[in-house]
Structures are given as C-alpha cells and as structure tokens.
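What follows is each chain in one-letter form.
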Amino acid sequence: MLRLFDTAKGEVVPFETREPGRVSMYVCGPTVYGPPHLGHGRFSLVFDVLRRYLLWRGNDVVYVSNITDIEDKIIARAAEQGVDPAAFALEQEAVWWEVMDGIGVMRPTHDPHATAYVPEMVALIERLVASGAAYETSDGVYFRAEVVADYGLLARQSIDSLRAGARVEANEEKRSPIDFALWKKAKPGEPSWPSPWGDGRPGWHTECVVMSLDLLGEGFDLHGGGQDLSFPHHENERAQAVADGKRFSTHWVHNGFVEVEGEKMSKSLGNFTNLSDLVAQFDPRAYRLLVLRAHYRSPIEVNVASASDASAALARLDTFARAAARLPVALPDDKVLASFVAAMDDDLDTPAAMALLFDTVRRANTAIDDGRLDEAAGLAGAAQEIARAVGLQLHAEAGEIPDDIAALARARDEARAARDWARADAVRDEVQAAGYVVEDTPSGTEVRPA
C-alpha cells in the first residue's frame, strides 16, 4: 500500500482514499505573473510523477490544479508594462502551459481560474463574517485565525507560537497579527468585483479552498504543493474550511525546495533560473530525471553540471531503448516490477526506483551481450514499464540521420570487419566532429545527434 509523508501528521502514513480505486488530488498551481522557474517545474513534476504512478497502479485520478489569474503581483507587473491585468495574466498562462507541455507534465483534469469563482468566494466570506470567524476593516475583510483551535497544524506550531513570531504590521485594525485577508477593497484603477463590503477582490488564501471543494467535494484525498505553501497558504485554506464546517483535504503532501549553492531558489531571492531556458539548453527530460533522482521531500540542486549528467544518463537510456526494440516480445520481469512498487510505495522513493531502473538496464545490456535474449527481453520490458510509470519517455528512434553520416557509419563497420582499427577510429572521429555520438551495438555502429 502506498504510504506518504503527511505534513499535518508529521509522519509517513498509509494513503487512504475516500473511494477505493479513485483518487482526488488538488495541487496549487501558478500565479501567472511571470515565466515559470525551476521551483514551479519541480512541484509540477513531483505531483505529475505521483499522479502517473497512481494511474499506473490502476486508479482513476481526478487532478485539479488552479490558475491564480488575479493577485497583487499580477496587477503590479501589468502596471509596470502598461497593459491590462487580465490580458497580461492570459499571456503568462500561455507561457506556463507551453513550458509544462515541454517537460511532459500531464494537463490537469480541471484547471479552475480564480476569476471564475469570485461569486463563490464572496459567498464563503459572507458565511464567515456571519459566524463571527471574519470581520470587516477599512481596507477589507479579515479572517480571525484564533477561531480555529488547531490553527498552525501544517506549520507544526501552536497559535501562541505563531502569534509571538508574527511580524508587526502597520494595519492597526487587525485584531491579531496572524489574521489574514479574505477580501481586499479596491484601490483606484485596480480590477474589482462587487461585494457586500464594497468593490474589491478576494485574498489569495480564499481562492483554492473554494475551488477545491467545488470540484472535488468535501474530504478529498490529497492537497499538495511546494513546501513553502504549507504555511501560511495551505494552513489558511484549511482554517477557512474548518470555520465553514467543511471537511477539507485528508492528506497534505509537500515537496522540497530547489536550491542554488545551498539556497532556496525563488524569484524574491533573485537566483531563479527560467525553466524555459533550462529546457532550451538541455533535453527537457533531464529535469524530470533530476527530480526523480532526489526524494521529493529533500532539497534538490539544479545547475549545468547536474543537468548535463542527467542528459548523458538519458542518452544511455535511449541507446538501451533502441537495442531493446530489437528483442523478442516478452512479459516484464515481475521481480523487478515488484521491487519498483515497493520503492514507490515507500513514500514515493524515486531515487531507489531510478537506481533500480539503471541497474535493470545494465543487467539487460549484459544479457544482450551474452546472447540471453529472452532474459534480456523480460528485463527490458520491466525497465520500460518503470520509465512509463514515472513519465520518463525513452526514445527508441535515433532520429533522421543524413545520408553522408549513415554512409560513414557503414564504412566504419566495414573497417572494423576488416580489422582496420586505424581506419575505424578515423571514421569515428569524423562522425563525432560532425556533431554526432557514435555507439557500438551488437548490430553495428549507430549514430545519433549529440
């Protein structure tokens, strides 16, 4: 049975679903005010891997990931560029989907937009005000965090501890420093919607609680996102649901940071690398492999060296896939697949799963070299199933090779057959100088673009 670390419980627990064989997931999506960075790519890939694995195990999965298309940063960035905030958000959303498609992230079952749910958010805030869980001030409506007895659950801190550590704000109308905005009254020139408290817009923390409950219902199975969202964002979502008498997410799962030189990668620190630049420079699959090689809760460092190493590892997997395509059809090795399931069920231990994948490829290649083709076919089938289960696409086709390069490959095989090693080496160097990788396989010389 799959076991995952639950942030609310502080330990690894069985992943129990509301309905057997059906999984409901909500993963916080982007605020579309700029191009996605590597942190965005990591959470998208982590939960894409989890989703794909659940599907591979035979579950039906409803996967919801929202688009925050109205927020302070969007308004500020649009103002800087002198454009309409709605048009700016739409443009940035298109960039988001282009990059997500590029790294092989499956599209969500539903991708709700915050602006489409404003009336429902207003209705929630009205209920919270009526129950005494929220109050109006001159600049908006705030939630009274202290009405939720276990507020701070996802931060693993008490209310007193959070209150003591909260920064002092200029707004003297807030009753407590840990209270948070549900509705922001509009300033001149800002986008706004009508409400009982005047025109304005919803606070960020109110968006996801409304959308997740609408699309997945009460007691949905899993709420996920980056570790930086666990508090205050996810805690504030949870608090509103609790105060409104709703059962919220059963499991809370968060992935670790992306780091550069040991620091968290983020836009605010100015050390982020644009994800589009990464996939333009390296094989887009390289980032998925980097994510898979690290445990989802651990920090991961992404740089040129690590991306280059992942690209080289992918090239080896592609070489294997081409060799495997010539093997007889066979059932995947069940022992290998059982080991894969055991690793993944152990809190999504993808590093162990990747070690198993590469070891299985090594064993399959050895079996091919030794002529044990039936054994090799079973191992190859298992390796390909592992790759498929985690969304790591292998390229069994070498791609279009120009006629002159193909002729050189044949010439090299002829030289090797004649034991003219000097000529074979010279041809290899010529092919490599033309920008191709030369590989020796049981069927002869193969080349592929470098």
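Residues numbered from 1 in each chain as written. Predicted model: local features only at pLDDT ≥ 70, side-chain atom pairs only at ≥ 80, totals over all residues. Heavy atoms only, no water.

## Details of the sheet that holds strand E10 (residues 251-255)
Then, number 1: As summarised here, the arrangement of the four strands in space is E4-E3-E9-E10, forming an open sheet in which the pairing is parallel. Bordering the open sheet on either side are strand E4 (60-65) and E10, each of which pairs with just one other strand. Sheet twist, expressed as the mean angle between neighbouring strand axes with direction ignored, is 20°.
Then, number 2: Looking at chain direction, strand E3 (residues 22-27) and strand E9 (residues 222-226) are connected through three bridges and run parallel. Among the inter-strand pairings, Tyr26 is bridged to a residue of E9, identified as His223.
Then, number 3: Across the sheet, helix H1 (residues 38-56) touches E3, E4, E9 and E10, and the angle it forms with E3 is around 175°. (Pairing = 2+ DSSP bridges. Helix = DSSP H or I, 4+ residues; strand = E, 2+ residues; numbered from the N terminus. Axes fitted to C-alpha atoms, helices over the stretch in contact; angles between N-to-C directions. Contact = heavy atoms within 4.5 Å.)

## Here's the deal with the domain arrangement of the protein
A common way to state how big an interface is: give the accessible area lost once the parts meet.
Then, number 1: Splitting the protein by domain gives domain 1 (17-255), domain 2 (258-389) and domain 3 (403-449).
Then, number 2: Relative placement of domain 2 and domain 3: their C-alpha centres are 28 Å apart. (Domains from an automatic or database assignment.)

## Digging into the sheet that holds strand E7 (residues 180-185)
Then, number 1: The four strands are arranged E5-E6-E7-E8 in an open sheet whose pairing can be described as antiparallel. In this open sheet, the two strands that pair with only one neighbour each are strand E5 (134-136) and strand E8 (200-202). Strand-to-strand, the axes of this sheet are offset by a mean angle of 20°, without reference to chain direction.
Then, number 2: The sheet contacts of helix H4 (residues 118-130) involve E5, strand E6 (140-143), E7 and E8, and relative to E7 the element is tilted by about 120°.

## Focus on the side chain of Ser230
Then, number 1: Looking at the element boundaries, Ser230 is found in helix H7 (residues 230-243).
Then, number 2: Of the polar contacts made by the side chain of Ser230, one reaches the backbone oxygen of Gln227; its length is 2.9 Å.
Then, number 3: Sequence-distant contacts of Ser230, defined by excluding residues within four places in its chain, comprise Thr7, Leu154, Glu235 and His254. (Polar contact = N/O pair within 3.5 Å; in protein donor to acceptor, adjacent residues only side chain to side chain.)

## Re the packing of aromatic side chains
Then, number 1: If you walk through the whole model with that rule in mind, you get ten aromatic pairs.
Then, number 2: Ring geometry for Tyr151 against Phe231: centres 6.1 Å apart, planes inclined by 65°, an arrangement best described as edge-to-face. Here Tyr151, found in the loop between E6 and helix H5 (159-165), pairs with Phe231, found in helix H7; they are 80 residues apart in sequence, far enough to count as distant.
Then, number 3: A residue is classified by how much of its surface remains accessible, and Tyr151, at 3% relative accessible area, is buried.
Then, number 4: With a centroid separation of 5.3 Å and an interplanar angle of 80°, the aromatic rings of Phe220 and Phe248 are classed as edge-to-face. Taken together, the positions of Phe220 in the loop between helix H6 (204-216) and E9 and Phe248 in the loop between H7 and E10 put the pair 28 residues apart, joining distant regions of the chain. Like Phe248, Phe220 is buried.
Then, number 5: Positioned above the aromatic ring of Tyr135, the side-chain terminus of Arg175 is 4.1 Å from the ring centre.
Then, number 6: Arg297 extends its terminal NZ or CZ atom over the ring of Tyr296, reaching a point 6.0 Å from the ring centre. (Phe/Tyr/Trp six-rings, centres within 6.5 Å; stacked < 30°, edge-to-face > 60°. Buried < 20%, exposed > 50% of the residue type's maximum accessible area, 1.4 Å probe, protein only. Lys NZ or Arg CZ within 6 Å of the ring centre and 35° of its normal.)

## Thoughts on the packing of H6 against H7
Then, number 1: Running from amino to carboxyl end, H6 crosses H7 at an angle of 60°, the nearest separation of the two axes being 8 Å. Relative to H7, the element H6 is oriented oblique. Relative to H7, H6 is oriented so that their crossing is right-handed. Packed against H6, whose contacting residues are Trp204, His205, Thr206, Cys208, Val209 and Leu213, the element H7 presents Pro232, His233, Asn236, Glu237, Gln240 and Ala241 at the interface.
Then, number 2: The residue makeup of the contact of H6 with H7, split by class, is six nonpolar, five polar and one charged. (Parallel < 35°, antiparallel > 145°, perpendicular 65-115°, else oblique. Left-handed = near helix turned anticlockwise from the far one by under 90°. Nonpolar A, V, L, I, M, F, W, Y, C, P; charged D, E, K, R; others polar.)

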